[in-house]
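Single-letter residue listing:
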Amino acid sequence: MKTAQSFFSLGINRNQKEYALQNIPVIGKIPDWLKGNYIRNGPGMFNLDKKRLNHWFDAMGALHSFNIHEGKVDYICKYIECDSYRKATEQGDLSYSEFATDPCKSIFKKVQSYVFPMLPNMTDNPKINIAKIGERYMALGETPMQVEFDPHTLEKIGVDEIVPGAFAYKTTAHPHFEDEHAYNLVVKFGMQSYYRIYDMANKGKALCSIPVAKPAYLHGFGMSKKYFIIAAGPLLVTPIQLLFWKRPYIENHHWLPKEGGMIWVVDKETGKLKARFETDPFFSFHHVNAWEEGEELVMDLNAYDDASIVNKYYLKELENPSVSLPKGTLRRYRMNLRTKKINAAVISDACIELPRIDYKRYNMNGDYGFSYGVSLHPEKTTGFYNSLVKINAKTGQSSYWHEENCHPGEPYFIPSPMSKNDEDGVIISIVLDTQNERSFLMILDALTMQEIARATVPEPIVYGFHAEYFQEGSV
Ligand code: CO
């Protein structure tokens, strides 16, 4: 058997091909009830003709759709046809500022702004997440310019701005859904900066506006039935540094552990600050769940002790096959809204990232049992994520799916038709197989974490971020 290729060369440092394939090969039997469209977002192109991008979060975004019907699978891959992508392919160079790569200074386009005259154009490359907002299918990134696409063809329909004048704003790619609302956090940078929450499904004025001297890098936020939760680790930016923009966006942020972790709790009904908690420094990309219990607010977070994970995702780190990724864990913060006491505990020692729960059933509900995420197997903790993990939030127990030379992406839980709980269903994940130099869509039984079926695509899929599944009838 020939030696497996490196994860880096197949999963990161390459440019995805576009596809539209019907009936890709399936091994195993896909459950009859599984009929729908699984769409995943993520990086597709790291190497422009004149520039290699620096960081996992920099690439031109590509969408992948796996349409599952009658046990068969059709596959489409398409780049997101935003302005950043169009210019990158036409000019072979970067024209917009990405997460950790800037265009060359000579092609900086100055924004016509009196507030921030030095800023480069912010990217409209929404490569992080997928969401259905109202009746529209959106690709989401961290600038508030989201691309609407056709879920059948993945063709771009248009661009939507949450707030106009996007250069002064950053948002998260992780809105929270409740009834017809799609709440999202927006950071407004300026002489006075603010954390704000908007409803993307019903654009208008901000629902809350919390002044902040040094905004944190925030990839998500939390929500319980009564509160929005802004959990800010001390990876902080001084807005004046953004004004002069001497380095790429994320590199204007500094890890300042002495500032500690800061958690703002905002009343959803009034938009007013309910409480602010100070805690030990932490860093987090992803919230997992939050709910109220008597006078306590409970928040489950996928967190790290520091922000070094951001640096480990640079390509110059990932190209080392024995890169050692810091271990994120599932942590529970209990915040007493009356006494203002806060307590933090690690739920499980298992490594987890890209966490998902049965969101539709259990978001804002402390009865939830399971988080699913990518992981490093306890017996193989070097290199890139090589396992899926399932963590029981009630007991802290964990179980894994692992296969040699395989790198599974974000696991997505789909309940079975008569599903009783959040392990009664299947897990879908796109897995990169470096031995066979291709990827496959894997379907696991969520209860046992054992494989049910896999559908193989002809080439490796660049390792990506987040997905959504739309049951047939909803597309
Ligand atoms: Co994310």
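Rules behind the numbers
Residues numbered from 1 in each chain as written. Predicted model: local features only at pLDDT ≥ 70, side-chain atom pairs only at ≥ 80, totals over all residues. Heavy atoms only, no water. 1 Å grid on protein atoms, 1.4 Å probe; cavity = no way out; pocket = protein on both sides within 12 Å on 5 of 7 lines; lining within 4 Å. Points joined across faces, edges and corners; volume = space filled by probe spheres on them. Helix = DSSP H or I, 4+ residues; strand = E, 2+ residues; numbered from the N terminus. Nonpolar A, V, L, I, M, F, W, Y, C, P; charged D, E, K, R; others polar. pLDDT = per-residue confidence, 0-100. Contact = heavy atoms within 4.5 Å. Pairing = 2+ DSSP bridges. Axes fitted to C-alpha atoms, helices over the stretch in contact; angles between N-to-C directions. Phe/Tyr/Trp six-rings, centres within 6.5 Å; stacked < 30°, edge-to-face > 60°. Buried < 20%, exposed > 50% of the residue type's maximum accessible area, 1.4 Å probe, protein only. Donors = N, O, S within 2.8 Å, 3.2 Å for Na, K, Ca; no water. Tetrahedral: all angles 85-135°; square planar, octahedral: opposite > 155°, others 65-115°. Core = buried A, V, L, I, M, F, W, Y, C linked by side-chain atoms within 4.5 Å. Patch = residues over 30% accessible without salt bridge, like charges linked within 9 Å, V, L, I, M, F, W, Y side chains within 5 Å. Areas by Shrake-Rupley, 256 points an atom, 1.4 Å probe, with all protein chains shown as cover. Salt bridge = Lys/Arg side-chain N within 4 Å of Asp/Glu carboxyl O. Disulfide = S-S within 2.5 Å.

The next point concerns the layout of surface pockets. In this structure, the largest pocket spans a volume of roughly 1100 Å³. Forming the boundary of the largest pocket are 46 residues, of which Phe-177, Arg-356, Tyr-359, Lys-360 and Glu-468 lie nearest the centre. Among the elements of the structure, strand E8 (129-133), strand E13 (176-178), strand E14 (181-188), strand E23 (283-293), strand E27 (353-356), helix H6 (359-362), strand E32 (412-415) and strand E36 (467-471) are those that each provide at least two residues to the lining of the largest pocket. Here the lining of the largest pocket takes five residues from E8, the largest share from any one element. Split into classes, the residues belonging to the lining of the largest pocket amount to 22 nonpolar, 13 polar and 11 charged. Taken together, 22 residues make up the lining of the second largest pocket; nearest its centre are Ser-6, Phe-7, Pro-321, Lys-380 and His-407. Those elements giving two or more residues to the lining of the second largest pocket turn out to be helix H1 (7-11) and strand E31 (406-408). By residue class, the composition of the lining of the second largest pocket is eight nonpolar, 10 polar and four charged.

On to the confidence of the model for the protein chain. When pLDDT is averaged across the protein chain, the result is 93; 95% of the residues are at 70 or more. Throughout residues 110-115 the model reports pLDDT below 50, and contacts reaching past four residues in sequence, or to other chains, amount to nine contacts.

What follows covers the sheet that holds strand E30 (residues 398-402). Strand order across the open sheet formed by four strands is E27-E28-E29-E30, with antiparallel pairing between neighbours. Strands with a single pairing partner mark the edges of an open sheet, and in this sheet they are E27 and E30. For this sheet the average axis-to-axis angle between neighbouring strands, irrespective of direction, equals 20°. One ladder, built from six bridges, connects strand E28 (residues 370-375) with strand E29 (residues 387-392); its direction is antiparallel. By the bridge assignment, Phe-370 is partnered in E29 with Asn-392.

Pairing within the open sheet is antiparallel, and its four strands lie in the order E17-E18-E21-E22. The sheet is open, and its two borders are formed by strand E17 (222-223) and strand E22 (273-279), each paired with just one other strand. Two strands pair when backbone bridges link them, and E17 and strand E18 (residues 227-232) are joined in this way by two bridges, in the antiparallel orientation. By the bridge assignment for E18, Met-223 is matched with Phe-228.

The next subject is the packing of aromatic side chains. On inspection of all chains with the given rule, the structure shows 31 aromatic pairs. Seen in terms of ring centroids, Tyr-38 and Tyr-412 are 6.3 Å apart; in terms of plane orientation they differ by 70°. Their pairing is edge-to-face. With Tyr-38 in strand E3 (residues 36-45) and Tyr-412 in strand E32, the pair connects residues that are 374 residues apart, well separated along the chain. Grouping residues by exposure puts Tyr-38 and Tyr-412 together as buried.

For the rest of this paragraph, the subject is the coordination of the cobalt ion. Around the cobalt ion, the donor atoms from the protein are His-174 (NE2), His-219 (NE2), His-286 (NE2) and His-466 (NE2), and they sit 2.0 to 2.1 Å away. Each of the four donor atoms around the cobalt ion contributes to a set of angles spanning 94 to 156°, which defines the coordination as irregular. Here the donor residues of the cobalt ion share one chain and are spaced in sequence as H-x44-H-x66-H-x179-H. One end of the pair, His-174, is in the loop between strand E12 (169-171) and E13; the other, His-219, is in the loop between strand E16 (208-212) and E17, and 45 residues separate them in sequence.

Burial runs high along strand E10 (residues 145-149): five of the five residues are buried. Burial of E10 is two-sided: the residues Met-145, Val-147 and Phe-149 facing one way and the residues Gln-146 and Glu-148 facing the other way are all buried. Where strand E9 (residues 136-140) and E10 come together, two bridges link them in antiparallel fashion. Along E10, the bridge assignment pairs Ala-139 with Val-147. In sequence, E9 turns back onto E10 through a hairpin of four residues. The pairing of E10 with strand E11 (residues 156-161) spans five bridges and is antiparallel. Counted as the bridge partner of Gln-146 is Asp-160 from E11. Linking E10 to E11, which pair antiparallel, is a turn of six residues; within it Leu-154 sits at a positive phi near 65°.

A few words on the nonpolar core. Core analysis: the biggest nonpolar cluster contains 119 residues, and Trp-56, Phe-66, Tyr-195, Tyr-313 and Tyr-385 have the highest contact counts within it. Among the elements that line this core, the one with the most residues is strand E33 (residues 425-433), at six residues. Setting aside residues no more than four positions away along its own chain, Tyr-313 makes contact with His-55, Trp-56, Phe-57, Phe-285, Tyr-304, Leu-318, Leu-325, Glu-353, Phe-384 and Tyr-385. Counting residues in each nonpolar core, the second largest holds 16 residues, with Tyr-227, Phe-277, Ala-303 and Tyr-333 among its members.

Another aspect to go through is empty space enclosed by the protein. All told, the structure shown has four cavities of 30 Å³ or more when counted by the stated rule. Volume-wise, the largest cavity comes out at about 240 Å³. Surrounding the largest cavity, 22 residues form its lining, Phe-57, Phe-99, Lys-127, Ile-128 and Glu-142 being those nearest its centre. Only E23 and E27 provide two or more residues apiece to the lining of the largest cavity. Lining the second largest cavity we find Tyr-217, Leu-218, His-219, Gly-220, Ala-231, Gly-233, Phe-282, Phe-283, Ser-284, Phe-285 and His-287. Tallying contributions element by element places E23 first for the lining of the second largest cavity, with four residues. For the lining of the second largest cavity, a count of residues per class yields six nonpolar, five polar and no charged.

We now examine a nonpolar patch on the surface. Side chains of Met-191, Ile-240 and Phe-244 sit close together on the surface and give an oily, nonpolar patch of about 360 Å² of accessible area. Among the structural elements, Met-191 can be located in the loop between E14 and strand E15 (193-199). The exposed category is assigned to Met-191, whose relative accessible area is 76%.

This brings us to the state of the cysteines. In total, this model carries zero disulfides according to the counting rule given. With no disulfide of its own, Cys-406 has Cys-351 as its nearest cysteine by sulfur position, at a separation of 17 Å. Assessed through its relative accessible area of 2%, Cys-406 is described here as buried.

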